[in-house]
Structures are given as structure tokens and as C-alpha cells.
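Inside the fold
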Amino acid sequence: MVLAVKIYNPETKDFMKKGRAWSSKGKFWSSLRNAKLAICPNYGYSYKELVSEFWIFSDDGTIEKIPVSNYFIDYFKRESKKKYYGNKAVFELLEIKKFLKNRKEK
């Protein structure tokens, strides 16, 4: 069972606060859904968010780390199937994949 979720940037060692600000303490969300809504790429996204991770704290004491970029890719794949937002979503999806590929090569 999920106790809390935080969004962590491993490059700057900061956590995300409410309103997309970053600090050393950050904010806890009560579920992964709420954390995803806080970082929803529909409102735009930054490099700092792309390289971040969801830290999911469970009641058994484990911390699961999921890259935010995986969520963005899933989000834009779903959006690309819609008529209204489809073309922009395909473009964003390609940009994120290109960014991640270039980042891994470095």
C-alpha cells in the first residue's frame, strides 16, 4: 500500500513543491495519481521535470523509484490517439524520446 509519493530530481537533489517549485524538502502527495496530476505535461514541462523520479513510499518500508519521463511518454502516447491534440502529442513524444536518447549517450 502506498503511504506517500514525492517527486525527486537526482541532478539537483531537490524535491518538487506545490506549484512546480523545487526545494530541499518538497511536498508529499497521498497517491501516485495526485503526484502525476501535479506534474501533468499538459501544462508544459521542463528539463528538470523530465529527469525527475517519482519516489513511492510503501507501508512495508520500501521506496520504489519510477522515472517521470516514463509517465510523460505514456501520457503523450494516449494523447496522440485523440483528434484534437494528436499532432502536438506526437511531436512532444518524439522530442522526449530524442532527449532521453541523447542523455543516455552522454
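What counts and how
- Residues numbered from 1 in each chain as written.
- Predicted model: local features only at pLDDT ≥ 70, side-chain atom pairs only at ≥ 80, totals over all residues.
- Heavy atoms only, no water.
- Core = buried A, V, L, I, M, F, W, Y, C linked by side-chain atoms within 4.5 Å.
- Buried < 20%, exposed > 50% of the residue type's maximum accessible area, 1.4 Å probe, protein only.
- Helix = DSSP H or I, 4+ residues; strand = E, 2+ residues; numbered from the N terminus.
- Pairing = 2+ DSSP bridges.
- Contact = heavy atoms within 4.5 Å.
- Axes fitted to C-alpha atoms, helices over the stretch in contact; angles between N-to-C directions.
- Expected span 1.5 Å × (residues − 1).
- Phe/Tyr/Trp six-rings, centres within 6.5 Å; stacked < 30°, edge-to-face > 60°.

1. Examining the nonpolar core
Core analysis: the largest hydrophobic core is formed by 21 residues, its most contacted members being Ile7, Ile39, Phe54, Tyr71, Phe72 and Ile96. Secondary structure elements with two or more residues in this core: β1 (2-9), β4 (53-58), α3 (68-80) and α4 (86-105). In terms of residue count, the dominant contributor to this core is α3 (six residues).

2. Quick word on the sheet that holds β4
Pairing within the open sheet is antiparallel, and its five strands lie in the order β3-β2-β1-β4-β5. Both edges of this open sheet fall to β3 (22-23) and β5 (63-67), since each of them pairs with a single strand only. Of the strand pairs in this sheet, strand β2 (residues 14-16) and β3 are connected by two bridges, and their pairing is antiparallel. Bridge pairing in β3 links Met16 to Trp22. Together, β1, β4 and β5 form the strand contacts of α3, whose direction differs from that of β5 by roughly 50°.

3. Concerning α3
Counted at 1.5 Å a residue, the expected span for α3 with its 13 residues is 18 Å, and the 18 Å between its end C-alpha atoms agrees. Taken together, the buried positions of α3 are occupied by Val68, Ser69, Tyr71, Phe72, Ile73, Tyr75, Phe76 and Glu79. Where α3 is buried, its residues contact β1, α1 (32-38), α2 (47-50), β4, β5 and α4.

4. Regarding the packing of aromatic side chains
Applying the stated criterion across every chain yields a total of 12 aromatic pairs. Relative to Phe57, the ring of Phe28 lies with its centre 6.0 Å away and its plane at 65°, an arrangement referred to as edge-to-face. Residue Phe28 is found in the loop between β3 and α1, and its partner Phe57 is found in strand β4; the two are separated by 29 residues along the sequence. The class of Phe57 is partly exposed, set by a relative accessible area of 22%. Taken together through their ring pairs, the aromatic side chains of Tyr45, Phe54, Tyr71, Phe72, Tyr75 and Phe76 make up a single cluster.

5. Quick notes on the pairing of β4
Alignment of β1 against β4, held across six bridges, turns out to be antiparallel. Following the sheet pairing, Lys6 is matched in β4 by Trp55. Pairing between β4 and β5: five bridges, direction antiparallel. Residue pairing in the sheet places Trp55 in a bridge with Lys65 of β5. Taken together, β4 and the strand that follows it, β5, pair antiparallel across an intervening segment of four residues, in which Gly61 is found at a positive phi of about 90°.

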